[in-house]
Amino acid sequence: MRVLVTGFEPFGGQSLNPSWEVTRALQGAVIAGAQVTAVQLPCVFAQALPALQQALAQHRPDIVLALGQAEGRSDFSVERVAINVMDARIPDNAGAQPIDVPVIAGEPAAYFSTLPIKSLVAGLKAAGFPASVSQTAGTFVCNQVFYALQHTLAGRGVHSGFMHLPLLPEQAAQWPGPTLPSWPAAVQVAGVQQALALLVAHRQHGLGDAAISGGTLN
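Only a predicted model underlies this, so the values are computations on that prediction, with no experimental measurement involved.

### Points about the sheet that holds strand β9 (residues 159-165)
Strand order in this open sheet of 7 strands is β2-β3-β1-β4-β9-β5-β8, and the pairing throughout is mixed. In the strand order of this sheet, the two ends are held by β2 (30-31) and β8 (131-134), each with one partner. Pairing of strand β1 (residues 2-8) with strand β3 (residues 34-41), which is carried by 7 bridges, proceeds in the parallel orientation. Counted as the bridge partner of L4 is T37 from β3. Across the sheet, helix α4 (residues 141-153) touches β1, β3, β4 (63-69), β5 (76-79) and β9, and the angle it forms with β9 is around 170°.

### Focus on α4
The terminal C-alpha atoms of α4 lie 18 Å apart, and with 13 residues this matches the ideal 18 Å at 1.5 Å per residue to within 8%. The element α4 is extensively covered by neighbouring structure, given that 12 of its 13 residues are classed as buried. Looking only at α4, the buried set comprises V141, C142, N143, Q144, V145, F146, Y147, A148, L149, Q150, T152 and L153. Looking one or two residues past α4, G155 carries a phi angle of roughly 80°, positive in sign.

### Details of the environment of L67
Positionally, L67 belongs in strand β4. Separated by 61 residues in sequence, L67 and T6 have C-alpha atoms that sit 5.9 Å apart. When sequence neighbours within four positions are dropped, the list of residues in contact with L67 reads V5, T6, G7, F8, S19, V22, T23, F162, M163, L165 and V192.

### Regarding the state of the cysteines
One pass over the full model with this rule turns up 0 disulfides. Among the cysteines around C43, which has no disulfide bond, C142 carries the closest sulfur, lying 6.9 Å off. The buried category is assigned to C43, whose relative accessible area is 2%.

### Focus on the pattern of salt bridges
Pairs can form between side chains of opposite charge whenever their charged atoms are close. Per the counting criterion, the structure on display carries 4 salt bridges. Notably, a salt bridge pairs R24 with E21, separated by 2.8 Å at the nearest N-O pair. You can see R24 and its partner E21 sitting in helix α1 (residues 18-25), 3 residues apart, about one turn around the helix. Of the charged contacts, one joins E71 and R89 as a salt bridge, the two residues approaching to 2.5 Å between their closest N and O atoms. Of the two residues, E71 sits in the loop between β4 and β5 while R89 sits in the loop between β6 (81-83) and β7 (110-112), which places them 18 residues apart along the sequence. Among the residues examined, R89 registers a relative accessible area of 57% and is labelled exposed.

### What about the nonpolar core?
One finds V141 and V145 to be the most contacted residues of the largest nonpolar core, which totals 31 residues. Elements with a minimum of two residues in this core: β1, β3, α2 (45-59), β4 and α4. Examining the composition of this core, we find that 8 residues originate from one element, α4, more than from any other. Setting aside its immediate chain neighbours within four residues, V145 contacts F8, L41, A48, L49 and L52. By size, the runner-up hydrophobic cluster in this structure holds 28 residues, among which are V3, I31, A131 and V200.

### Here we look at the packing of aromatic side chains
Using the criterion set out here, one finds 6 aromatic pairs in the structure. Ring plane angle 65° and centroid distance 4.8 Å describe the contact between F76 and W183, whose orientation is recorded as edge-to-face. Pair noted here: F76 is in strand β5 and W183 is in the loop between α5 (169-174) and α6 (185-205), with a separation of 107 residues, a long-range link. One exposure class covers both F76 and W183, and it is buried.

### Topic: the side chain of T6
Along the chain, T6 falls in strand β1. Contact partners of T6, with chain neighbours within four places excluded, come to T23, V39, L41, L65, A66 and L67.

### Some thoughts on the pairing of β4
With 7 of its 7 residues buried, β4 lies for the most part within the structure. Along β4, one buried face is formed by I63, L65, L67 and Q69 and the opposite face, lined by V64, A66 and G68, is buried too. Pairing of β1 with β4 involves 4 bridges; the strand directions are parallel. Bridge assignment links V3 to a residue of β4, and that residue is I63. In this sheet, β9 lies alongside β4 in parallel orientation, the contact comprising 7 bridges. Along β9, the bridge assignment pairs L67 with M163.

Criteria and thresholds
- Residues numbered from 1 in each chain as written.
- Predicted model: local features only at pLDDT ≥ 70, side-chain atom pairs only at ≥ 80, totals over all residues.
- Heavy atoms only, no water.
- Pairing = 2+ DSSP bridges.
- Helix = DSSP H or I, 4+ residues; strand = E, 2+ residues; numbered from the N terminus.
- Contact = heavy atoms within 4.5 Å.
- Axes fitted to C-alpha atoms, helices over the stretch in contact; angles between N-to-C directions.
- Expected span 1.5 Å × (residues − 1).
- Buried < 20%, exposed > 50% of the residue type's maximum accessible area, 1.4 Å probe, protein only.
- Disulfide = S-S within 2.5 Å.
- Salt bridge = Lys/Arg side-chain N within 4 Å of Asp/Glu carboxyl O.
- Core = buried A, V, L, I, M, F, W, Y, C linked by side-chain atoms within 4.5 Å.
- Phe/Tyr/Trp six-rings, centres within 6.5 Å; stacked < 30°, edge-to-face > 60°.

In structure tokens form, the structure reads like this:
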């Protein structure tokens, strides 16, 4: 079984991004018998989707877990739905700031995750990692990648979705304003390893919430 994990390069003037620090730590790992490949995506609207498409074509995964940074969140946020809009609050790393632009013109308004999101949250919490189902992946590059991922893999039988991570302590220590929640990198890596083990078990044995079937919202 092949697992693809993606993370983003740092953005917004930062030098770290927890999604990439976690992702690169998992490169080459074997989790519950599944081989993990890590890929970094640029935090650039014009480049993220070609990089994602290349990774999917090259690695042909059975499971894809895309990761992203969400400052202010205090747990693993398992995303339910990606929406077909880019509405950037800040410029991306190339200076682009699309406002009210579709991710893919003429396509469905939204796609659901095809991961067993509620059983994944339950499994993470049972293992000691705070987690919740999130109803919004935002409208920045994270949501763009999540939407394109689900659009590309729709109907192909691949389990795929997105999870947001808290800041790293090094980031929170330098963040302007009130202190934001943060988790050490080692804790985040252990939590994502647990998430992947749960997803592999679901794929192998059909465990989890059967209600999550994927598809679209029109």
